[in-house]
Amino acid sequence: MPGLIEALGHWPGALWLQRSGTAYLVVNAAHILGIGLLVGAILPLDLRLIGLLRGAPLAVLAPFLTRAAAFGLALALLTGAWLFTVKPAEYAGNPAFLAKLALLALALGNIALQHRGRALAETLATERVPWPARASAFASFTLWLAVLLAGRWIGFV
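Residues numbered from 1 in each chain as written. Predicted model: local features only at pLDDT ≥ 70, side-chain atom pairs only at ≥ 80, totals over all residues. Heavy atoms only, no water.

(A) A look at the nonpolar core. By size, the foremost hydrophobic cluster in this structure holds 23 residues, and its most contacted members are I42, L45, L49 and W144. For this core, the secondary-structure elements that each account for two or more residues are α3 (21-50), α4 (58-84), α6 (95-116), α7 (119-126) and α8 (131-153). If you tally residues by element for this core, the top one is α3, at seven residues. (Core = buried A, V, L, I, M, F, W, Y, C linked by side-chain atoms within 4.5 Å. Buried < 20%, exposed > 50% of the residue type's maximum accessible area, 1.4 Å probe, protein only. Helix = DSSP H or I, 4+ residues; strand = E, 2+ residues; numbered from the N terminus.)

Written as structure tokens, this is what we have:
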């Protein structure tokens, strides 16, 4: 594995980011945009599913917010992986980065469970939120904030 991590740092895309402050700036800004879209879309939906923001109709909000969050997640994952290649050995040994990856895996697992079950579809059809959908939304809210905090922590460790 150390050979693969070292090789990532020599990938042409990594070298470009390492040598160009402008390229790094743009990719980093795209990563922040992805995070903003993800968190900015998923947290209001989670709050609505938890039971707050009750005046907002789920049938209208959920499809749009889910798509916006998915786009933000894809952008954040792509750019985050690219940014990792700038200092792969350093990041691979950073406890905050490792915590972020673990939390991210849990958050993605929560998404898979949420969309695999019937609770979300039932909620959208009836506007009634069963407890499994509330629990998943609470887990989502908590996990995405934890991923965000762990990501910010990386620079301080």
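(B) Highlighting the packing of aromatic side chains. One pass over the structure, following the stated rule, counts five aromatic pairs. Geometrically, the ring pair formed by W11 and W82 is edge-to-face, given 6.0 Å between the ring centres and 70° between the ring planes. Within this pair, whereas W11 is found in the loop between α1 (2-8) and α2 (12-19), its partner W82 is found in helix α4, the two being separated by 71 residues in sequence. With centroids separated by 5.2 Å and ring planes inclined at 20°, the aromatic side chains of F84 and F97 adopt a geometry described as stacked. (Phe/Tyr/Trp six-rings, centres within 6.5 Å; stacked < 30°, edge-to-face > 60°.)

(C) A look at unusual backbone geometry. The backbone of L53 sits at a positive phi, close to 55°, despite the residue not being glycine. With respect to the element layout, L53 can be found in the loop between α3 and α4. According to the relative accessible area criterion, L53 is partly exposed, its value standing at 47%. At E127, a position not held by glycine, the phi torsion is positive, near 65°. With respect to the helices and strands, E127 occurs in the loop between α7 and α8. Residue E127 is classed as partly exposed on the basis of its relative accessible area of 31%.

(D) Broad picture of the pattern of salt bridges. Applying the stated criterion to the full structure yields one salt bridge. R48 is the salt-bridge partner of E127, the closest N and O atoms lying 3.1 Å from each other. Taken together, the residues E127 in the loop between α7 and α8 and R48 in helix α3 connect sequence positions 79 residues apart. (Salt bridge = Lys/Arg side-chain N within 4 Å of Asp/Glu carboxyl O.)

(E) View of a nonpolar patch on the surface. Side chains of L33, L37 and F71 sit close together on the surface and give an oily, nonpolar patch of about 280 Å² of accessible area. Secondary-structure assignment places L37 in helix α3. (Patch = residues over 30% accessible without salt bridge, like charges linked within 9 Å, V, L, I, M, F, W, Y side chains within 5 Å. Areas by Shrake-Rupley, 256 points an atom, 1.4 Å probe, with all protein chains shown as cover.)

(F) Quick look at the environment of L17. Mapped onto the secondary structure, L17 falls in helix α2. In the structure, L17 is positioned 69 residues away from V86 in sequence and 6.6 Å away in space, judged by C-alpha atoms. Apart from residues lying up to four places away in sequence, L17 is in contact with A23, Y24, V27, W82, L83 and V86. (Contact = heavy atoms within 4.5 Å.)

(G) Looking closely at the packing of α3 against α8. Where α3 contacts α8, the axes come no closer than 8 Å and their chain directions differ by 150°. Relative to α8, α3 is oriented roughly antiparallel. Note that α3 runs across α8; the crossing there is left-handed. Touching I35, L38, I42, L43, D46, L47, L49 and I50 of α3 are R134, A137, F138, S140, F141, W144, L145 and L148, all from α8. (Axes fitted to C-alpha atoms, helices over the stretch in contact; angles between N-to-C directions. Parallel < 35°, antiparallel > 145°, perpendicular 65-115°, else oblique. Left-handed = near helix turned anticlockwise from the far one by under 90°.)

Function cannot be inferred from these measures alone, as they are strictly geometric.
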